[in-house]
Amino acid sequence: MQKSDQSIYTLQFGLVCLSSFLFSASFNMLIPELPAYLSAMGGASYKGLIIALFTLTAGISRPFSGKLTDTVGRVPVMAVGSIVCFICGFLYPVLTTIAGFLMLRLLHGFSTGFKPTATAAYVADLVPVNRWGEAMGIHGICFSTGMAIGPAIGSTITDHFSINVLFYCSSVFALSSIVILGNMKETLKEKQPFSFALLKIKRQDIIDWRVIPAALITLLSYVSYGAILTVVGDWSKYLGTSNKGLFFMVFTLASLLIRFVAGKASDKHGRVLILKISLVLLAISLVCTGLAYSSTTLMASAALYGVATGMLSPAVNAWTIDLSDPKHRGKAMATMYIALEVGIGLGALLAGWLFIDDIKTIPITFYICTGITITALVYLQFIWKAKPAETV
């Protein structure tokens, strides 16, 4: 166990944060341009699958990444995620049919199925238990910076060059993430050499039941994010925003600012209280997004959405670690991320089902997501009861 006064600002922590920033920017820079790219192929009716397929394979791969994180090591599993991103960036310009594109979205999803799972376990290994919230907040700042910069860079590259150049730039960012991982020290003490037998997943390897409360909140709260990824580009354009990545930049920058204090607040005041506050703000922001009537009001909604998610993310990550067994942190984080991918995937499918180039259906999508978010709040307020060991 680390000493409580140990600084979290070490070289290794800095490297994992930098690697996560580059990894996040790599795949997020594609998001605002992919719906139009698919429509140009004649696949407008498949827009919901852009995110849904990505999250499907991310979710499927979580049990494998969780098990490998707890056996082979944190760093190798992180590397697999970045390598997949690197490869996919070069394949998008080659596979230019609708079927090829959708197949690539499936493959690309493995990247987020591996890297974030191992990264969260790595961060938990590095820092003292009483500073997990703070560490997750700082790491989240770096990951979210990639989310903020990525879409804006992606739209700029596509506007001035071409979408193929964007795909290649995505690969370059992923490659940089891989190079940084090569300089990171492994934190798993009892490592096993890789064998194909480790890829055999048993029922008990899939879900860590101890962290189900955190996983449920994650699932319900991230449905809205899947919907936003699918339709906010079209909603932004309709309301007069020329750069479709601007919504992502605004909400992510707001998320960055709140994370400086949100993680520490969850360490001091408890995860559940911070989660309740964030869910209230999240519901309000979704209603405001649906009611937006101009680019200015949409950006204000994006900022509020960013504040809500910036509070929620480090708290739910730290709560997952709180509830988990230290020997199975990989499986615990995999469980939480499975829930995250299911939530995002359901949100994307919902938005894609309601919206087939009919702009009038977009507000309804956000209102439905508001109801789902309120369900998470009701669970925390009236259903979930803390056990003695879960009083954080």
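Residues numbered from 1 in each chain as written. Predicted model: local features only at pLDDT ≥ 70, side-chain atom pairs only at ≥ 80, totals over all residues. Heavy atoms only, no water.

(A) Representation of helix H14 (residues 362-383) within the structure. With 22 residues, H14 should cover 32 Å at 1.5 Å per step; its first-to-last C-alpha distance of 31 Å lies within 8% of that length. Residues of H14 that are buried include every one of Ile 362, Pro 363, Thr 365, Phe 366, Cys 369, Thr 370, Thr 373, Ala 376, Tyr 379 and Leu 380, and no others. If you follow the buried residues of H14, they end up packed against helix H9 (212-238), helix H11 (271-291), helix H12 (295-323) and helix H13 (329-354). (Helix = DSSP H or I, 4+ residues; strand = E, 2+ residues; numbered from the N terminus. Expected span 1.5 Å × (residues − 1). Buried < 20%, exposed > 50% of the residue type's maximum accessible area, 1.4 Å probe, protein only. Contact = heavy atoms within 4.5 Å.)

(B) The packing of aromatic side chains, seen in detail. One pass over the structure, following the stated rule, counts 18 aromatic pairs. For the ring pair Phe 23 and Phe 27, a centre distance of 5.3 Å and an interplane angle of 65 degrees mean the geometry is edge-to-face. Placement of the pair is Phe 23 and Phe 27 together in helix H1 (residues 11-28), with a separation of four residues, close to one helical turn. Owing to a relative accessible area of 11%, Phe 27 belongs among the buried residues under this scheme. (Phe/Tyr/Trp six-rings, centres within 6.5 Å; stacked < 30°, edge-to-face > 60°.)

(C) Structural context of the environment of Ile 284. You can see Ile 284 is positioned in helix H11. With relative accessibility at 41%, the residue Ile 284 sits in the partly exposed group. Taking the C-alpha atoms as reference points, Ile 284 and Ile 321, 37 residues apart in sequence, are found 28 Å from one another.

(D) Structural context of the pattern of salt bridges. Enumeration over the complete set of coordinates arrives at seven salt bridges. Of the charged contacts in the structure, one is a salt bridge between Arg 62 and Glu 341, with a shortest N-O distance of 2.3 Å. Of this pair, Arg 62 sits in helix H3 (residues 47-71) while Glu 341 is found in helix H13, placing the two residues 279 residues apart along the sequence. Looking at Glu 341, the relative accessible area reads 6%, which means it is buried. Among the salt bridges present, the one from Arg 329 reaches Asp 125, with a minimum N-O distance of 3.0 Å. Of the two residues, Arg 329 is situated in helix H13 and Asp 125 in helix H5 (residues 98-126); the sequence distance between them amounts to 204 residues. Judged on exposure class, the residue Arg 329 and its partner Asp 125 are both buried. Via salt bridges that share partners, Asp 70, Arg 74, Asp 125 and Arg 329 belong to a single interconnected network. (Salt bridge = Lys/Arg side-chain N within 4 Å of Asp/Glu carboxyl O.)

(E) How the structure looks around the nonpolar core. In this structure, Phe 13, Met 184 and Trp 319 are the most contacted members of the largest nonpolar core, which totals 107 residues. The element best represented in this core is H12, accounting for 13 residues. Both of domain 1 (10-186) and domain 2 (204-386) provide at least three residues apiece to this core. In contact with Trp 319, other than residues within four places in its own chain, are Pro 213, Ala 214, Ile 217, Arg 271, Val 272, Leu 275, Leu 380 and Trp 384. (Core = buried A, V, L, I, M, F, W, Y, C linked by side-chain atoms within 4.5 Å. Domains from an automatic or database assignment.)

(F) Expanded view of the domain arrangement of the protein chain. As far as domains go, the protein chain holds domain 1 (10-186) and domain 2 (204-386). On inspection of domain 1 and its partner domain 2, the count reaches six residue pairs in polar contact (both at pLDDT 80 or more). Taken together, the elements giving at least two residues each to the side of domain 1 that touches domain 2 come down to H3, H5 and helix H6 (132-160). Ranked by residues supplied to the side of domain 1 that touches domain 2, first place goes to H6 with 15 residues. Partitioned by chemical class, the residues of the side of domain 1 that touches domain 2 number 20 nonpolar, 17 polar and eight charged. (Polar contact = N/O pair within 3.5 Å; in protein donor to acceptor, adjacent residues only side chain to side chain. Nonpolar A, V, L, I, M, F, W, Y, C, P; charged D, E, K, R; others polar.)

(G) Expanded view of the side chain of Ser 170. Mapped onto the elements, Ser 170 comes out in helix H7 (residues 163-181). Judged by relative accessible area, which is 0%, Ser 170 ranks as buried. Here the side chain of Ser 170 touches Ser 26 through a polar contact of 2.6 Å, landing on its backbone oxygen.

(H) Representation of the environment of Phe 196 within the structure. Positionally, Phe 196 belongs in the loop between H7 and helix H8 (203-206). Sequence separation between Phe 196 and Ala 265 is 69 residues, and the spatial gap between their C-alpha atoms is 43 Å.

(I) Structural detail: the confidence of the model for the protein chain. Looking at the protein chain, pLDDT values average 87 and 96% of them are 70 or higher. This model gives residues 388-392 a pLDDT under 50, and the stretch forms seven contacts once residues within four places in sequence are excluded. (pLDDT = per-residue confidence, 0-100.)

(J) Layout of the packing of H5 against H6. Axis separation between H5 and H6 bottoms out at 10 Å; the angle between their running directions is 135 degrees. With respect to their mutual orientation, H5 and H6 come out oblique. Our pair here, H5 against H6, has a crossing hand that is right-handed. Listed contacts from H6 to Thr 119, Ala 120, Val 123 and Ala 124 of H5 are Trp 132, Ala 135, Met 136 and His 139. A per-class count over the contact of H5 with H6 returns six nonpolar, two polar and no charged. (Axes fitted to C-alpha atoms, helices over the stretch in contact; angles between N-to-C directions. Parallel < 35°, antiparallel > 145°, perpendicular 65-115°, else oblique. Left-handed = near helix turned anticlockwise from the far one by under 90°.)

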